[in-house]
Amino acid sequence: MAIELRVTLIIVSVLALIYIINRIRHSKVNINDTIFWIVFAVLLILISVFPMIIFFFAGLLGIQSPQNFLFLLIIGIMMLRIFTISVKVSVLQDKLTALVQKTAIQDFKEDKEKNNPK
Amino acid sequence: MKVLIFIPAYNEQYTIKNVVENLRLHCPEFDFVVIDDGSADDTKKICRENGFPCIALPINLGLDGVFQTGIRYAYQNGYDIAMPFDGDGQHNAEYVKPMVAKMLEGYDIVIGSRFLDGKKRGGMRIVGSGIISFFFKLTTGVRMTDPTSGMRMVNKRMIRALCDNLNLGPEPDTWAFLVRSGAKMAEVPVRMNERLAGNSYFTFGKSIAFMIRMCVSILFIIWFRKRVD
């Protein structure tokens with residue numbers, strides 16, 4: 001891997017880490033949601049410092065250039081992340097729908113009771 | 001002194017009545033409230049029929065959300081001590097009073113520990129628990145033999161902190177963070193039962209994710225968090 005790419009990766013990862021930690025400090029984000037990004041950033045730093053990891057896996061899969069394997073890895077991880085977020089959104093949507101329906105029905109019941117006192 | 005025991009219950013129709021009756025038997029002087037986490041079964045109905053006070057969440061919030069509901073209720077009603085007590089029958093009511101007694105010795109957090117008796121145990125859960133204990137000691141300097149115990153009691157100061165902050169779910173990293181913020185924590189030996197019905201929340205995949213989360217949070221993130229008072 002070219003030294004330029006490695007240095008860029010390290011700088012960007014460290015900046016990303018600083019940004020994430022800053023958000024946590026100000027209690028702007030749920031820690032559980034940042035674990036993924038912290039682990040991901042650390043992984044990128046590890047790969048840039050020890051590119052042998054990438055050489056090994058690229059060789060294993062018969063990929064000529066280690067950079068290509070790096071991109072494949074990042075795309076793979078991103079795909080996984082998008083899928084889990086998509087699942088999360090579905091669950092949230094379901095919950096929101098149920099919640100709205102419950103409040104509306106409750107409102108309706110209260111109105112009915114108000115208009116027809118026994 | 002006002003003590004609130006809140007009972008998180010998610011689909012516990014078979015056990016909830018027993019749990020509440022046991023609590024009433026062993027500690028009649030403490031207030032309790034069932035928090036029904038949007039159960040799909042008759043948990044809520046059983047509470048209503050038996051006259052148990054019950055906060056029914058309209059949808060399922062999960063462990064963190066239910067815990068916070070109980071804490072918020074305790075905060076709004078000026079309780080001095082709050083503790084969750086499992087609705088599935090895992091916790092034993094006779095240990096509540098010893099925990100309150102320990103609390104009154106001047107602690108902020110009291111944990112009911114299953115591992116204080118010094119017996120050797122095996123199994124994946126114990127290994128995970130041991131790893132978290134080790135990291136806990138590393139960052140806080142305090143020994144916590146049972147970091148994943150569900151029996152935890154907090155005082156007024158902690159109730160306020162837990163209520164105000166986004167990132168304080170009922171998990172080991174929260175206790176580590178609070179201890180580092182100056183909270184005093186103690187453990188009391190307890191015994192717990194095997195669950196009578198229902199499934200554990202933790203599957204294998206979830207356990208691994210949980211371990212990674214706790215390690216990153218206790219070993220790394222904790223150093224950057226602003227302390228609470």
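Just so you know, these numbers come straight off a predicted model, no measurement behind them. Numbers given to residues run from 1 along each chain, matching the order in which its sequence is written. Labels are handed out in written order, letters beginning with A for the chains and numbers beginning with 1 for the ligands. Totals for whole chains, interfaces and linings use all residues, but because this is a predicted model, local features are given only for residues with pLDDT of at least 70 and pairs of side-chain atoms are given and counted only at 80 or more.

1. Side note on the overall build of chain A
Here comes step 1: Summing up its helical and strand segments, chain A has four helices and zero strands in all.
Here comes step 2: Working definition: helices are DSSP H or I runs of at least four residues, strands are E runs of at least two. Numbering for both runs from the N terminus. Listing each helix as α and each strand as β along chain A from the N terminus yields α-α-α-α.
Here comes step 3: Atoms counted for the radius of gyration: C-alpha only. Globule rule: 2.2 Å times the number of residues to the power 0.38. Relative to the 2.2 N^0.38 estimate, which gives 13 Å for 118 residues, the radius of gyration of chain A is 24 Å and therefore markedly larger than a compact globule would have.
Here comes step 4: Burial is judged by counting other C-beta atoms within 10 Å of a residue's own C-beta: 20 or more means buried, 12 or fewer means exposed, and anything between counts as partly exposed, with every C-beta placed from the backbone. In chain A, which comprises 118 residues, the proportion classed as buried is 13%.
Here comes step 5: By definition, residues are in contact whenever their C-beta atoms, placed on the basis of the backbone, come within 7 Å of each other. If you take every contact in chain A between residues at least 6 apart in sequence, the share linking residues at least 24 apart comes to 45%.

2. Examining the interface of chain B and chain A
Here comes step 1: Across the boundary between the two partners, chain B contributes 14 residues, which contact 14 residues of chain A.
Here comes step 2: For the side of chain B that touches chain A, the class distribution of residues is eight nonpolar, three polar and three charged. Under the convention adopted here, Pro, Cys and the residues Ala, Val, Leu, Ile, Met, Phe, Trp and Tyr are nonpolar, Asp, Glu, Lys and Arg are charged, and Gly plus all remaining residues are polar.

3. Here we look at the nonpolar core
All names here are of chain B.
Here comes step 1: Ranked by internal contacts, the top residues of the largest apolar core, which has 58 residues, are I5, I7, V34, A82 and I109.
Here comes step 2: With six residues, strand β1 (residues 3-9) is the single largest residue contributor to this core.
Here comes step 3: Apart from residues lying up to four places away in sequence, I7 is in contact with V19, V20, F32, V34, I35, F85 and G87. The nonpolar core criterion groups buried Ala, Val, Leu, Ile, Met, Phe, Trp, Tyr and Cys residues into a set whenever they are joined through C-beta atoms within 7 Å.

4. Remarks on helix α4 (residues 66-115) of chain A
Residue and element names in this part refer to chain A.
Here comes step 1: Taking 1.5 Å of rise per residue, the 50 residues of α4 would be expected to cover 74 Å, and the 73 Å separating its terminal C-alpha atoms lies within 8% of that figure.
Here comes step 2: A small share of α4 lies buried, amounting to three of its 50 residues.
Here comes step 3: Those residues of α4 hidden inside the fold are in contact with α2 (31-49) and α3 (52-61). Here the expected length of a helix is defined as 1.5 Å per residue gap, with one fewer gap than residues.

5. Concerning the sheet that holds strand β5 (residues 109-113) of chain B
All names here are of chain B.
Here comes step 1: When DSSP finds two or more bridges between a pair of strands, those strands are recorded as paired. Read from one edge to the other, the open sheet built from seven strands follows the order β3-β2-β1-β4-β6-β5-β7, with strand pairing classed as mixed. The outermost strands of the open sheet, each flanked by one partner alone, are β3 (54-56) and β7 (185-189). Going across the sheet, the axis of each strand differs from the next one's by a mean of 20 degrees, ignoring polarity.
Here comes step 2: The sheet contact formed by β1 and strand β4 (residues 81-84) spans four bridges and is parallel. Residue pairing in the sheet places I5 in a bridge with M83 of β4. Every angle, taken between N-to-C directions, lies between 0 and 180 degrees, and every axis is a line fitted to C-alpha atoms, over only the stretch in contact when it is a helix.

6. A short note on the pairing of β1 of chain B
Residues and elements named next belong to chain B.
Here comes step 1: Among the seven residues of β1, seven are classified as buried, and the element is accordingly described as predominantly covered.
Here comes step 2: Side chains of β1 alternate between two faces, with V3, I5, I7 and A9 and L4, F6 and P8 buried alike.
Here comes step 3: Examined bridge by bridge, β1 and strand β2 (residues 31-36) share six bridges and lie parallel to one another. What sits directly across from F6, in β2, is V33.
Here comes step 4: By the criterion used throughout, a crossover qualifies as right-handed when its path from the first strand across the helix to the second strand runs clockwise, the strands pointing away from the viewer. Regarding topology, helix α1 (residues 16-26) serves as the crossover connection from β1 to the parallel β2, and that connection is right-handed.

7. Side note on helix α4 (residues 96-103) of chain B
Here comes step 1: Residues of α4 of chain B that are buried include every one of V96, M99, V100 and M103 of chain B, and no others. For α4 of chain B, the angular spread of the buried residues around the axis is 100 degrees, confining them to a single face. Here, the arc refers to the directions that run from the helix axis to the C-beta atoms.

8. Notes on the packing of helix α3 (residues 62-76) of chain B against helix α6 (residues 156-164) of chain B
All names here are of chain B.
Here comes step 1: Relative orientation of the contacting elements α3 and α6 amounts to 125 degrees, with a least axis distance of 9 Å. When the axis of α3 is compared with that of α6, the two are oblique. α3 and α6 meet at a crossing whose hand is left-handed. Where α3 abuts α6, its residues I71, R72, A74 and Y75 lie against I159, R160, L162 and C163.
Here comes step 2: Among the residues forming the contact of α3 with α6, the class breakdown is six nonpolar, no polar and two charged. Angle categories are assigned with fixed cut-offs, so that under 35 degrees is roughly parallel, over 145 is roughly antiparallel, 65 to 115 is roughly perpendicular, and the rest are oblique. Take the far helix as your reference; a near helix turned counterclockwise from it by less than a right angle gives a left-handed crossing, and one turned clockwise gives a right-handed crossing.

9. Overview of the confidence of the model for chain A
Here comes step 1: Here chain A averages 90 in pLDDT, and 98% of its residues register 70 or above.
Here comes step 2: pLDDT is a per-residue confidence score from the predictor, ranging from 0 to 100. Confidence, expressed as mean pLDDT per element, reaches its minimum in chain A at α3 of chain A with 89 and its maximum at α4 of chain A with 93.

10. Some details on the pairing of β5 of chain B
Taken residue by residue, a regular strand's side chains alternate between the two faces of the sheet.
Residue and element names in this part refer to chain B.
Here comes step 1: In terms of burial, β5 is largely enclosed, as four of its five residues are buried.
Here comes step 2: Where β5 meets strand β6 (residues 152-155), three bridges bridge the pair, whose relative direction is antiparallel. Bridging across to β6, I111 finds its partner in R152.
Here comes step 3: Judged from the five bridges that link them, β5 and β7 form a sheet pairing that is parallel. Paired with I111 across the two strands is E187, which belongs to β7.

11. Considering the confidence of the model for chain B
Predicted coordinates in regions of low pLDDT should not be interpreted in detail.
Residue and element names in this part refer to chain B.
Here comes step 1: Summary statistics for chain B give a mean pLDDT of 90 and a share of 96% for residues scoring 70 or more.
Here comes step 2: Between the elements of chain B, mean pLDDT differs from a low of 88, seen in helix α8 (residues 204-219), to a high of 96, seen in β4.
Here comes step 3: Scoring of the predicted complex yields 0.85 for pTM and 0.76 for ipTM.

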